[in-house]
Amino acid sequence: MGCLYQPKFTMRNVSLMLYIERRKEILAMLVQSGSVKVTDLVDLFDVDATTIRRDLKELSKDHAINIVYGGAYYQREPTHGVVEINPIQKRTIHYEEKKIIAKKAAALVENGDTIIINNGVTGELILDYLNGLESINLITQSLSIATRASALPFVQLYLPGGKYRPLSGMLYGDLASKSIEQLSANKIFFGILCVSIQNGVTHPFVEEISVLQSLLEISQHKYLIADSSKFGKVSLGKVTQLNHFDAFIVDNNFPDIYREYAETNDIAII
């Protein structure tokens, strides 16, 4: 059980850390790396093994942590694969949850913003709740979002282009990535099919991943928009780690294990 997590505290001041701060760091290590060794923690925090074992015991009372000889491990979430479905079906699944998320996301948009809504039904619904705005810039790779946004007089629409893929409704490819690199945005509302603590954000169609990464790269503030059905899902292509997001915008069934992850990684939950 190796310790892969890079702590926020330096060796110079770590010995002065209060036990609450130390336990928060240990929890973050467990969530991110999956396991810790008592010997590693003794060296890292400059305390004795009895203190570390006490920390692990206390953490196990409130978190999904199993203590074993010489250390502890985090109970990893069960994950499932995903199969893409057609756009018509997408609009009927978890629709009420998607509306809740869309309302929360729309409330974060301010006059003069440049925002990105990459794709998806939840992202499209955001447009229904953008009230009282005079002018915003919108960048999207979704043909349906672009069509809907074109009817809003306060939206300046930017569609970087690329090859169209009917199943996802998204434009992708080198042409799209190169165009995106010329732009910048202060907020992205990032919809995705698969979210996992261990695997991060993944996507079933590998050819679209570079475009998704480009959109994240040009965005100052990153918001993940995902209904509860998207969590615990894994697909073929890796897009990014979960801790790259500033906030998770979620519905009322947000899983507890992700709440713990967000809290230990300073990610806001909206």
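Higher on the page you've got the structure.
Residues numbered from 1 in each chain as written. Predicted model: local features only at pLDDT ≥ 70, side-chain atom pairs only at ≥ 80, totals over all residues. Heavy atoms only, no water.

Description of the environment of Ser196
Argument step 1. Looking at the secondary structure, you find Ser196 in strand E10 (residues 194-196).
Argument step 2. Among the polar contacts made by the side chain of Ser196, one reaches the main-chain amide nitrogen of Gln198 at a distance of 3.4 Å.
Argument step 3. A polar side-chain atom of Ser196 sits 3.2 Å from the main-chain amide nitrogen of Asn199. (Helix = DSSP H or I, 4+ residues; strand = E, 2+ residues; numbered from the N terminus. Polar contact = N/O pair within 3.5 Å; in protein donor to acceptor, adjacent residues only side chain to side chain.)

Considerations on the packing of aromatic side chains
Argument step 1. All told, the structure shown has seven aromatic pairs when counted by the stated rule.
Argument step 2. Between Phe189 and Tyr223, the ring centres sit 5.3 Å apart and the planes meet at 15°, which makes this aromatic pair stacked. Of this pair, Phe189 sits in strand E9 (residues 185-191) while Tyr223 sits in strand E12 (residues 219-225), and the two are 34 residues apart along the sequence. As far as the burial class goes, Phe189 and Tyr223 line up, both buried.
Argument step 3. Sitting over the ring of Phe205, Arg165 keeps its end group 3.8 Å from the ring centre. (Phe/Tyr/Trp six-rings, centres within 6.5 Å; stacked < 30°, edge-to-face > 60°. Buried < 20%, exposed > 50% of the residue type's maximum accessible area, 1.4 Å probe, protein only. Lys NZ or Arg CZ within 6 Å of the ring centre and 35° of its normal.)

Some remarks on a nonpolar patch on the surface
Argument step 1. Together, Leu143, Leu159 and Tyr164 line one region of the surface with nonpolar side chains, adding up to about 250 Å² of accessible area.
Argument step 2. Along the polypeptide, Leu143 turns up in helix H8 (residues 143-149).
Argument step 3. Leu143 sits in the partly exposed class, given a relative accessible area of 37%. (Patch = residues over 30% accessible without salt bridge, like charges linked within 9 Å, V, L, I, M, F, W, Y side chains within 5 Å. Areas by Shrake-Rupley, 256 points an atom, 1.4 Å probe, with all protein chains shown as cover. Salt bridge = Lys/Arg side-chain N within 4 Å of Asp/Glu carboxyl O.)

Some points on the environment of Ile197
Argument step 1. For Ile197, the location among the structural elements is in the loop between E10 and strand E11 (200-203).
Argument step 2. C-alpha of Ile197 to C-alpha of Leu242: the two residues are 45 residues apart in sequence and 6.8 Å apart in space.

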